[in-house]
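What follows is each chain in one-letter form.
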Amino acid sequence: AACMCAGQRCTAISRVIVRRGLHDDVVRGLVARAQSFRLGDGLLEGTTMGPLTNARQLASVGKHVEAGVRAGARVATGGMPVAIDDCAGGYFFAPTILTDVAVDNPVAREEIFGPVISVLAYDSVDEAFAILSASLDEAVAATRPGAVPA
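A.B. asks: Please clarify how the overall build of the protein should be interpreted in this entry.
C.D. replies: Looking only at helices and strands, one finds four helices and six strands in the protein. Each helix and strand of the protein, ordered N terminal to C terminal, gives the series β-α-α-β-β-β-β-α-β-α. Evaluated residue by residue, the protein yields a buried proportion of 39% over its 150 residues. Considering only intrachain contacts with a sequence separation of at least 6, the fraction spanning at least 24 residues in the protein is 62%. As displayed, the protein has an accessible area near 8,600 Å², and 54% of this comes from carbon and sulfur atoms.

A.B. asks: Explanation requested: the environment of L132 in the structure shown.
C.D. replies: For L132, the position within the fold is in helix α4 (residues 125-135). Overall, the relative accessible area of 26% leaves L132 in the partly exposed class. Separated by 24 residues in sequence, L132 and A108 have C-alpha atoms that sit 9.3 Å apart.

Conventions and cut-offs
Residues numbered from 1 in each chain as written. Predicted model: local features only at pLDDT ≥ 70, side-chain atom pairs only at ≥ 80, totals over all residues. Heavy atoms only, no water. Helix = DSSP H or I, 4+ residues; strand = E, 2+ residues; numbered from the N terminus. Buried < 20%, exposed > 50% of the residue type's maximum accessible area, 1.4 Å probe, protein only. Contact = heavy atoms within 4.5 Å. Areas by Shrake-Rupley, 256 points an atom, 1.4 Å probe, with all protein chains shown as cover.

Dropping the structure here:
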């Protein structure tokens, strides 16, 4: 869902809050999924992610990722604009997974509107809710049934 519309929708998943014990497995899965996307012309069969809307948005996504890295995040995959042979002049940004994201990191607090997921780890349910509360003024949240321990 994070990369549908290249992340340019209000309900795109941009933050994943995961129990620390599951962090590495979740990141591996997200990286594998991000690397499986086929970027290109959204009207062509086989394309799984199209471009950003314009050069300004491409630059904005890049600046968000750079700010996140400066604040301590690590790029697990992606993190940069990419050129697509069949789409000269397209505004493509590689699907990006950021780890080691602290709750006060700009990528945890701001909407990026690009194909970027920030992964935040927690140790307790209270910490998970504190992260969620601190990261957004308004949030769309989901959990997997049985994923939150009692």
